[in-house]
Amino acid sequence: MNTLFPIFVKANHLHILIVGGGYVGLEKATALLGNSPDARVMLVAPEIRAELREMAEQYPLLELIEKPYESLYLNDKDLVIVGTNDKDVNRQVQIDCKARRILVNVADTPDLCDFYLSSVVKKGDLKIAISTNGKSPTFAKRFREVLEDILPDSLQETLDNLTAIRNQLKGDFVQKMEKLNEITKVLK
């Protein structure tokens, strides 16, 4: 049974640490900054891929530190994502985060995670997060691709129209909900 509680965080209000400068670090930084380009991110690794250096030029709030992980990098961090190929480093980061009560995600190690990163479908302001409870990120990715293909690009116009209607509605909450339900019946 999947007991995860899904939330959407305002990453641009957080200071996030990514530990790992290889392919997984690149994947996590790309996903994070693709969804929240104004997020403040520090990435620490003894070696950093060229693609991450290019990203840092595009995203001024992405700070790259080419050094091995040390617990001092957790200072003032709100969230940590770990993606190294060194299990000892991954475990140490998780231990350090627990001691400071910082939520941590360790890639491909569900037992060390406080949260999982979802696969995200984006169509304008609509975001749909997909989770498999950490069991199959590949399935979540494929399912996301299916949803991206079947959801029309015109969804943003629909959302904008519904927002305009909602803002013009009069009455109490129940009356507004009844009117929005009536208007959106055609979406079934």
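The notes below deal with the structure included here.

Parameters at a glance
Residues numbered from 1 in each chain as written. Predicted model: local features only at pLDDT ≥ 70, side-chain atom pairs only at ≥ 80, totals over all residues. Heavy atoms only, no water. Pairing = 2+ DSSP bridges. Helix = DSSP H or I, 4+ residues; strand = E, 2+ residues; numbered from the N terminus. Axes fitted to C-alpha atoms, helices over the stretch in contact; angles between N-to-C directions. Contact = heavy atoms within 4.5 Å. Buried < 20%, exposed > 50% of the residue type's maximum accessible area, 1.4 Å probe, protein only. Core = buried A, V, L, I, M, F, W, Y, C linked by side-chain atoms within 4.5 Å. 1 Å grid on protein atoms, 1.4 Å probe; cavity = no way out; pocket = protein on both sides within 12 Å on 5 of 7 lines; lining within 4 Å. Points joined across faces, edges and corners; volume = space filled by probe spheres on them. Nonpolar A, V, L, I, M, F, W, Y, C, P; charged D, E, K, R; others polar. Right-handed = clockwise from strand over helix to strand, strands pointing away. Patch = residues over 30% accessible without salt bridge, like charges linked within 9 Å, V, L, I, M, F, W, Y side chains within 5 Å. Areas by Shrake-Rupley, 256 points an atom, 1.4 Å probe, with all protein chains shown as cover. Salt bridge = Lys/Arg side-chain N within 4 Å of Asp/Glu carboxyl O. Phe/Tyr/Trp six-rings, centres within 6.5 Å; stacked < 30°, edge-to-face > 60°.

A few points about the sheet that holds strand β5 (residues 103-106)
Taken in spatial order, the five strands line up as β3-β2-β1-β4-β5 in an open sheet, and their pairing is parallel. Whereas interior strands pair on both sides, the edge strands pair on one side only; in this sheet they are β3 (62-65) and β5. Here the strands of the sheet are splayed against their neighbours by 15° on average, with no regard to which way each runs. Note that strand β2 (residues 40-44) and β3 share four bridges and pair parallel. Across the sheet, the residue bridging to Leu43 is Leu64, located in β3. In this fold helix α1 (residues 23-35) packs onto β1 (15-19), β2, β3 and β4 (79-82), with an angle of close to 160° to the strand it touches most, β1.

Considerations on unusual backbone geometry
Leaving glycine aside, a negative phi is the common case for residues, and trans is the common case for peptide bonds. Even without being glycine, Asp76 reaches a positive phi, approximately 65°. On the secondary structure map, Asp76 appears in the loop between β3 and β4. Asp76 sits in the exposed class, given a relative accessible area of 69%.

Considering the nonpolar core
Ranked by size, the top nonpolar core spans 19 residues in total, and within it Val41 and Met55 carry the most contacts. Contributions of two or more residues to this core are made by β1, α1, β2, α2 (50-58) and β4. Of the residues forming this core, the biggest block, four residues, is contributed by α1. With residues near it in sequence (within four places) discarded, Val41 still touches Ile16, Ile18, Leu32, Leu33, Leu61, Leu62 and Glu63.

A word on the layout of surface pockets
Volume-wise, the second largest pocket comes out at about 270 Å³. Contributing to the lining of the second largest pocket are 17 residues, with Gly20, Gly21, Pro46, Thr84 and Asn85 lying nearest its centre. A per-class count over the lining of the second largest pocket returns nine nonpolar, six polar and two charged.

Overview of the pairing of β2
The element β2 is extensively covered by neighbouring structure, given that four of its five residues are classed as buried. In this structure, β1 lies alongside β2, joined through five bridges in parallel fashion. Paired with Ile18 across the bridge in β2 is Leu43. In the classification by handedness, the crossover that spans β2, the intervening α2 and the parallel β3 is right-handed.

Structural notes on a nonpolar patch on the surface
A cluster of nonpolar side chains, Phe139, Phe143, Val146 and Ile150, forms an exposed patch at the surface whose accessible area comes to about 400 Å². Topologically, Val146 is positioned in helix α4 (residues 137-150). Owing to a relative accessible area of 43%, Val146 belongs among the partly exposed residues under this scheme.

A closer look at the packing of aromatic side chains
Inspection of every chain in the model, using the stated rule, returns one aromatic pair. Consider the rings of Phe139 and Phe143, whose centres lie 6.0 Å apart with planes at 10°: the pair is stacked. With Phe139 and Phe143 both in helix α4 and four residues apart, this pair spans about one turn of that helix. Taking the relative accessible area as the measure of exposure, Phe143 reaches 37% and is therefore partly exposed.

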